[in-house]
Amino acid sequence: MDFEPTEDQLAVQETARDFATQEVLPQAAAIDRDHRHPKELVARMGELGFMGMTVPEKYGGAGFDAIAYVLAIEEISRACASTGVIMSVNNSLVCDPILKFGSEEQKHAYLAPLAAGTKLGCFALSEPEAGSDAAAQKTTAERDGSGWVINGIKNWITNGPVADTCLLFTMNDKAQGHKGITAFILPMDTKGVRTGPPDDKLGIRGSKSSQIMLDDVRLGDEMRLGEVGGGFRVALSTLDGGRVGIAAQALGIARAALEDSLAYAQQRRTFGKAIAEHQAIAWKLADMATEVDAARLLTLRAASMKDAKVPFGHAAAMAKLYASDVANRAAREAIQIFGGNGYVTEFPVERHFRDAKITEIYEGTSEIQRMVIAGYLAKGG
Ligand code: CAA
């Protein structure tokens, strides 16, 4: 397998790195402190082609591949994990399924503004009682003449309070279990849609999430995405791609922890020398660097399998499982390396520590990733 990036992929990485370093990083601490949705960065990412990276140009996207996408997410998340997930959800969880399951009319109507960053997407699968057990959907969609009436509550919806376009999952036939789930494209200004107050979160505080309440929401059948009863397949195949994005986000957080720790350890002195020269610290840095590289290889492998259009769900699960574990370990070690300075908000590593945790939870917990990997092994690997 060849992991040498092409010239185009390197150009994307360089653009993302410049943007992240010059425009995102200087604001990251304030975005976190103020719990602020970075609207202007979303607009800039739209201009740079980062909001619909793998959407073909004919639908208004940038026409890049999944490798370029993960390279960009890593750079942006290295600067600000909140900005990274806003971008990841829009790309992986909203543009991707519209591209894969949408009609030509839907693709032409919805992809261009999402890719331009003038509209923002969210993915409403989770409910108060349907998180890991995603098939346990309680939001109902009932036939109403030629259209549908939808009622229910969605929970922890990333981008929910600031989204324009929602990919919504509903149960239209409970007796059919997961085969009774149907997906819709829901404009968030549809009558009967309300969002709750933004969740008050441990980390990724610049990424707004909330409940979405649906009261007698009427949608025409042309807003259905995919087949009636085909929604679970839409959800799970979308999440395969989403998990590659979150692996790249976790990788960015891990790299931030490593790079900040290395810089700090080279200038902080104890017992007459830089702490990086003490073996206790040097070995931590060596382990962090090794794990970051391994996480990147798993993430690139999953992305390259997605590009090759071969089944990649298990590879995505492995990448997310490992990269999120690495991010959490690296951020914890970073605090230890910074010592007292690691525990105060003046330095960035406590933010990395808080941001890292969610990567083990959303888009499938680490336990769910292990279930997916074990299922793959049980089928003969
Ligand atoms: N792609 C397409 N179809 C798939 C699939 C995949 N990757 N995996 C399974 N399926 C299909 C199966 O083939 C099966 O279909 P058939 O019956 O037609 O054969 C069907 O789905 C059911 O499969 P399972 O019996 O394996 O399903 P399950 O109910 O046991 O659940 C699960 C499987 C892996 C646990 C799944 O429920 C899951 O991934 N749960 C986690 C949900 C999740 O990740 N939520 C994240 C919310 S979104 C989010 O976090 C966004 C954000 O804020 C950033």
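Just so we're clear, the structure is a prediction, and the values are computed from it rather than from any experiment.

Draft legend 1. Here's a closer look at helix α10 (residues 366-378). Over its 13 residues, α10 extends 18 Å from the first C-alpha to the last, a length consistent with the 18 Å expected when each residue adds 1.5 Å. Residues S366, I368, Q369 and I373 constitute the buried set of α10. Around the axis of α10, the buried residues are gathered within 165° of arc, so they sit on the same side. Pointing more than 90 degrees away from the buried face of α10 are the exposed residues E367, M371 and A378. The positive-phi residue at the C-terminal boundary of α10 is G380, with phi of around 105°.

Draft legend 2. Focus on the pairing of strand β4 (residues 165-171). Of all 7 residues in β4, 7 are buried; the element is thus mostly enclosed. Side chains of β4 alternate between two faces, with T165, L167, F169 and M171 and C166, L168 and T170 buried alike. Bridge analysis of strand β1 (residues 121-124) against β4 gives 4 bridges, and the strand direction is parallel. Bridge pairing in β4 links G121 to T165. Relative to strand β5 (residues 181-187), β4 runs antiparallel, the two sharing 7 bridges.

Draft legend 3. Structural detail: unusual backbone geometry. The backbone of D216 sits at a positive phi, close to 50°, despite the residue not being glycine. Mapped onto the fold, D216 is located in strand β7 (residues 209-220). Phi is positive for F271, close to 50°, though the residue is something other than glycine. Secondary-structure assignment places F271 in the loop between β9 (269-270) and β10 (273-274).

Each value, and the rule that gives it
Residues numbered from 1 in each chain as written. Predicted model: local features only at pLDDT ≥ 70, side-chain atom pairs only at ≥ 80, totals over all residues. Heavy atoms only, no water. Helix = DSSP H or I, 4+ residues; strand = E, 2+ residues; numbered from the N terminus. Expected span 1.5 Å × (residues − 1). Buried < 20%, exposed > 50% of the residue type's maximum accessible area, 1.4 Å probe, protein only. Arc of directions from axis to C-beta. Pairing = 2+ DSSP bridges.

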